[in-house]
Amino acid sequence: MPDMSASVSLAVTHLVPLAKEVDQNKVTPGVLGFIVFAVMALAVWGLMKSMSKHMRKVDFKEAPEPGEQQAEKADSTARQG
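Residues numbered from 1 in each chain as written. Predicted model: local features only at pLDDT ≥ 70, side-chain atom pairs only at ≥ 80, totals over all residues. Heavy atoms only, no water.

Tallying secondary structure elements over the protein chain gives 3 helices and 0 strands in all. Ordered by position from the N terminus, the helices and strands of the protein chain form the series α-α-α. Residues counted as buried form 0% of the 81 residues belonging to the protein chain. (Helix = DSSP H or I, 4+ residues; strand = E, 2+ residues; numbered from the N terminus. Buried < 20%, exposed > 50% of the residue type's maximum accessible area, 1.4 Å probe, protein only.)

Spelled out as structure tokens, the structure:
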């Protein structure tokens, strides 16, 4: 590792023993993980609220297809005549 600066190699030397002391069974996401999860949850909540507002504005009445209209007219004229 000749291209590493002295401060980086010093930091790595101090962090390696700390990493060995951490118990692998007790590692948790910590505060940063909670903050990220909370921000994502708030974003999803806001998106769902916005989607709900937009979906209330949508009119779901479908226009009948042109083929169906012609078939209905033919049936009604056949019944009348």
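The structure having been displayed, the exposition proceeds.
For the protein chain, the average pLDDT comes to 77, and 54% of its residues sit at 70 or higher. Across the protein chain, element-level confidence peaks in helix H2 (residues 30–56) with a mean pLDDT of 95 and bottoms out in helix H1 (residues 6–21) with 63. (pLDDT = per-residue confidence, 0-100.)

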